[in-house]
Amino acid sequence: MGGRIPTRGSRRGQRARGQRARGQRAGGGGQRARGAEGPGAEVAGPAPRGTGAGRARRSRGGGTQEGLGGGELGVEEPATAAVARAMSARNLGTELDLSWISKIQVNQPAVLRRAEQIQARRMVKKEWQAAWLLKAVTFIDLTTLSGDDTSSNVQRLCYKAKYPIREDLLKALNVHDKGLTTAAVCVYPARVCDAVKALKAAGSTIPVASVATGFPAGQTHLKTRLEEIRLAVEDGATEIDVVINRTLVLTGQWEGSDFIKTSTGKETVNATFPVAIVMLRAIRDFFWKTGNKIGFKPAGGIRSAKDSLAWLSLIKEELGDEWLTPELFRIGASTLLSDIERQIYHHVTGRYAAYHDLPMS
Amino acid sequence: MRIGVIGLILSPTFSFLEMMWRICPALAVGCTVVVLVPPGSPTPLLLAQLAGELGSFPGILNVINGPASLGPILASQPGVQKVTFCGAVEEGRVLRRTLAGQGAELGLALGAESLLVLTEAADVDSAVEGVVDAAWSDRSAGGLRLLIQESVWDETMRRLQERMARLRGGRGLDGAVDMGARGAAAHDLAQRYVREAQSQGAQVFQAGDVPSVSPFFPPTLVSDLPPASPCTQAEVPWPVVVASPFRTAKEALAVANGTPRGGSASVWSERLGQALELGYGLRVGTVWINAHGLRHPEVPTGGCKESGSSWHGGPDGLYEYLRPSGTPARLPSLSENLNYDTFGLAVPLTLPSGPEIGPSPAAPYGLFIGGRFQAPGARSSRCIQDSKGNLQAYVAEGGAKDIRGAVEAAHQAAPGWVSQPPGARASLLWALASALERRESAFTSALERHGVELKTAKVEVELSARRLRAWGARAQAQGHLLQVAELRGPVLRLREPLGVLAIVCPDEWPLLAFASLLAAALAHGNAVVLVPSGVCPIPALEVCQDMATLLPAGLVNVVTGDRDHLTRCLALHQDVQALWYFGSAQGSQFVEWASAGNLKPVWVNRGRPRAWDQEAQGAGPELGLRAARTKALWLPMGD
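Every value quoted in this text rests on a predicted model; they were computed, and no experiment measured them. Along each chain, numbering runs from 1 in the same order as the chain's sequence is written. Each chain is given a letter, starting from A, and each ligand a number, starting from 1, according to the order in which they appear as written. Predicted model: local features are reported for residues with pLDDT of at least 70 only, side-chain atom pairs are reported and counted for 80 or more only, and whole-chain, interface and lining totals are derived from all residues. Note that the side-chain values use all heavy atoms of the structure and ignore hydrogens as well as water.

Engineer: Go over the sheet that holds strand E10 (residues 240-246) of chain B with me, naming the residues and quoting the values.
Structural biologist: Residues and elements named next belong to chain B. Here, any two strands with at least 2 DSSP bridges between them count as paired. Elements are defined by DSSP. Helices are runs of H or I of four residues or more, strands are runs of E of two residues or more, and each kind is numbered from the N terminus. The strand order across the open sheet built from 10 strands is E8-E9-E10-E7-E6-E11-E12-E24-E18-E17, with neighbouring strands paired in mixed fashion. Whereas interior strands pair on both sides, the edge strands pair on one side only; in this sheet they are strand E8 (203-206) and strand E17 (479-482). Shown here is a sheet whose adjacent strand axes are inclined to one another by a mean of 20 degrees, direction ignored. The pairing of E17 with strand E18 (residues 491-497) spans 4 bridges and is antiparallel. Note that in E18 the partner of Leu 482 across the bridge is Val 491. Should any heavy atoms of two residues lie within 4.5 Å, those residues are considered in contact. Comment: axis = line fitted to C-alpha atoms, over the contacting stretch for helices; angle = value between 0 and 180 degrees taken between N-to-C directions. Each of strand E6 (114-118), strand E7 (144-149), E8, strand E9 (220-223) and E10 touches helix H6 (residues 153-165); the most contacted strand, E9, lies at about 160 degrees to it.

The structure is reproduced here in structure tokens:
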């Protein structure tokens, strides 16, 4: 699991970012109830060590782990005090209260049954399905995290992020003027420069997210992990997916965050519905108790358009429409977008597309 | 062996699945079925057409579309051996009364309300999903009574209300809705219930995206209903949930068992001990632990109390359509002019026919109630004559007050007896058998005086003792494990005692029948009230002498007197859980009619004597099946 950290420094004039304040200010640690074990688990955290406003905070984490905590990090600059204030409104956090966690009960068979139900019910068809699919596109963090990433495939990815669906299909659905893009582009730290350059060339304001802190295993020194984040931010990344230190988690030293993610996406079992249900219920509990809204990102294994619709309806059922915005919900995926595009193609033309009909990503 | 022709009467809101659950086992054991469905449902007709096309066996499944008034006509057709009725409680009662004395046996599956107990140690979010499944979906049978532990009351109500806001209602076949509609009648019923609850001071919360026209009714949550209001006792209609708080698990049991319904319930608690305690304590037919609404054809589903005692699924479902081999088919014994209001009301005077001749008999026997002999309330006795017409003894004339006392005493002794381990019950029954054998000569002479041959009398006494021992040995039956496919975890089929069992013993084989029935009832954990044979009660009363010293007080109560009068008192008693009647045909009809009061399961002989000395009829599995009721306990597992 990872947490998402916006970097205060690099603004790049993105209007979205100002509103998407996701920083954590002094003293606040996110806190959340513990959910199921396994690939998805959430994080609850005590306040990170940081001090008051205006100070850089260290993230405690850096490990890898499926489903555990996120770290948080804020980097402050005097010039962006206004932004910082907006960000701090987001999750002030609370004191760690472990008794809260120990009172939680989760009944696994019941959660499994609910997970089955979510996938079986709520069939959306025809134009409503097309609308939901387009909405799903706006939640995607288009990701490429392979060993052989170079500037060329990153560039192609960024272009695809700006133009996720073929123009004529959008015209047919009459949404070509809505500026439909994916939520972000997610790459390794070394590729952040390329991504930023490509997006700038395309004239897009899509944020670039970077995985950091020794992704995916996280078994590196704290010093290098922090340095990674700093460099990524300098290169222009505006969101960071942090992998937390499993060691610390298992010894009960929690951290807080703004987003919780089911796993790094590189594990054998990644985003499954039962785990997600427990995490979402925890997010809702936290919101009821503290008034802070924490985001959710399932990643790994979401390949088909049908799956993405099930995820959307899960969020809608458990948390409500408020969470169906890119500020609070992301889907980490790479091949999902092409499946969605195929479905849209089928809806518009009534035919099944061949591989070469749709642009590569 | 199979029964024969089965009639099935379905309620206006029946579901196709319910119908199939009942038709399939019937066909599987070899019965043929006639189904009466309300008009306007074409699907069963289609099914019957398909059945008809099977070729070699036309007519195994027949479907009639018609109003409910055809029900009694169907039941009174000659050849129909059993009628199963699924529907509302009141209609079931009416049917029970109309069918008293008819040839067909009646099985009732009534009411659709279920219960959900939410303790503080539960996963509240999952329990809320359970509530949605139980009451606000198309899978739910009826309304829900929700018991929430006080400490989690606010949390639960908040989550319930949030969840209700996300439900969608609409036309049933639309894939994006959670609940459809069940007709204007169901809508009106729910509307009336909610209005009445409001007028009695309850809080009503409705939410969800549901069209506001009839027949759509939004999900409804009723809370703060005063316990004394009529709505608390009435059945909760779909899609209403009535929530009430409780403080401890004991209180939860008391509140939960405090309604006449006994269909199904679920217990939500992550503490195993607490969950099992509640599961065993609830008086219902099916209990789910941390789940709701799970069903499977292998698991028996049925109810107790006023939910009727008809079962489907599992071995119990098959036994519905079978009768022991060797027993004859039921014939109607309807007497048209039986006056239910006056049957057994007055006790006819029994004056001795002539002057007393012979030695003065011993002091009159009293009534054996509460572990000792006591004088009857009416302070009168009746004389018992032997086969030559001479006075043999005086026995007490029991009346309504005595029956009341006997039933009370039985209820007091019942919990203690239930908690006895099977070994203890077995040893007590064996001790009783030994006492019987020790006083064999006394019993033989008492029987001889009634014209029974010496040899037969000896056999009778010996068999009685043997039956007591045999049933004692069978007292182990606690239930067994069912393996259900697709479920991780066990399902237990428990056999629980009925409670207080009233038995009116036959005149044939006075001692043997008495002992056989008593043994079967006791071995399964029941407390009994017996009315021994009117002609020859002495052997039974002699057994009481031994029971006074061996058995706990109040466990067995024997009341002598006018059989019809005592039968009337027992049949109309609301707190007797079951009644076995082996008397006259008229009495059988009355018993069936009167059982509609609290819908107790009855077993009558229609005036036909049974061969108690034969194993099949005197000690067969039928007694064991009738002496206890089944409960299915579901334990899905996983962490």
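Now that the structure has been shown, we can carry on.
Engineer: Go over the pairing of strand E20 (residues 527-531) of chain B, please, and point to the residues and values.
Structural biologist: Residue and element names in this part refer to chain B. Buried, partly exposed and exposed residues are distinguished by accessible area as a fraction of the type maximum, computed with a 1.4 Å probe on protein chains only: under 20%, between the cut-offs, and over 50%, respectively. Among the 5 residues in E20, 5 count as buried, and that is most of the element. Alternating positions in E20 separate into two faces, Ala 527, Val 529 and Val 531 on one and Val 528 and Leu 530 on the other, with burial throughout. The sheet contact formed by strand E19 (residues 500-504) and E20 spans 5 bridges and is parallel. Bridge pairing in E20 links Ala 502 to Val 529.

Engineer: Any details on the sheet that holds strand E5 (residues 105-110) of chain B? Residues and values, ideally.
Structural biologist: Residue and element names in this part refer to chain B. Spatially, E3-E2-E1-E4-E5 is the arrangement adopted by the 5 strands of the open sheet, whose pairing is parallel. The open sheet is flanked by strand E3 (61-65) and E5, the only strands paired with a single partner. Along the sheet, successive strands turn relative to each other by an average axial angle of 15 degrees, direction set aside. Running over the sheet, helix H1 (residues 16-29) touches strand E1 (5-9), strand E2 (32-37), E3, strand E4 (80-87) and E5 and is turned about 160 degrees from E2. The strands that helix H2 (residues 43-52) touches are E2 and E3; relative to E3, the one it contacts most, it runs at about 150 degrees.

Engineer: Give me the confidence of the model for chain B: which residues, what numbers.
Structural biologist: Each residue carries a pLDDT value, the predictor's own confidence for that position, ranging from 0 to 100. Of all residues in chain B, 97% have pLDDT values of 70 or greater, and the mean over the chain is 88. Prediction confidence for the complex, expressed as pTM and ipTM, is 0.83 and 0.79 respectively.

Engineer: Describe in detail the packing of helix H9 (residues 249-256) of chain B against helix H10 (residues 272-281) of chain B, supporting the description with residues and values.
Structural biologist: Residues and elements named next belong to chain B. The geometry of H9 relative to H10 is characterised by a closest axis approach of 10 Å and an angle of 25 degrees between their N-to-C directions. Overall, the two elements H9 and H10 adopt an arrangement that is roughly parallel. Handedness of the crossing formed by H9 with H10: right-handed. Along the contact surface, H9 presents Ala 249, Ala 252 and Leu 253, while H10 presents Gln 274, Leu 278 and Gly 281. Geometric relationships in this document are graded by angle, where less than 35 degrees denotes roughly parallel, more than 145 denotes roughly antiparallel, 65 to 115 denotes roughly perpendicular, and other angles denote oblique. Crossing chirality is assigned from the near helix's rotation relative to the far helix, an anticlockwise turn below a right angle marking it left-handed and a clockwise turn marking it right-handed.

Engineer: For the UniProt feature "domain: Aldehyde dehydrogenase" (unreviewed entry) in chain B, give the residues involved together with the corresponding values.
Structural biologist: UniProt positions are given in the numbering used here, feature names are shortened, and annotations may be inferred rather than shown by experiment. The UniProt record marks residues 3-323 and 381-605 of chain B with the feature "domain: Aldehyde dehydrogenase" (unreviewed entry), using the residue numbering of this structure. Counted over residues 3-323 of chain B, helix gives 34% and strand 20%. Its end C-alpha atoms are 6 Å apart.

Engineer: I'd love a proper account of the interface of chain B and chain A, names of residues and values included.
Structural biologist: On the side of chain A, 22 residues touch chain B, which itself brings 28 residues to the contact. Every case where a carboxyl oxygen of Asp or Glu lies within 4 Å of a side-chain nitrogen of Lys or Arg is listed as a salt bridge. On the surface where chain B and chain A come into contact, there are 4 salt bridges. Here Asp 285 of chain A ties to Arg 159 of chain B by a salt bridge, and the two come within 3.1 Å at their closest N and O atoms. Counting of polar contacts relies on pairs of N or O atoms within 3.5 Å, with two restrictions inside protein: one atom must be capable of donating a hydrogen and the other of accepting it, and residues adjacent in sequence are counted only when both atoms are side-chain atoms. Our count for the chain B to chain A interface comes out at 9 residue pairs in polar contact (both at pLDDT 80 or more). Elements with a contribution of two residues or more to the side of chain B that touches chain A: helix H5 (124-135) and H6 of chain B. Think of it as three bins: nonpolar holds Ala, Val, Leu, Ile, Met, Phe, Trp, Tyr, Cys and Pro, charged holds Asp, Glu, Lys and Arg, and polar takes everything else, Gly as well. In the side of chain B that touches chain A, the residues fall into 9 nonpolar, 6 polar and 13 charged.

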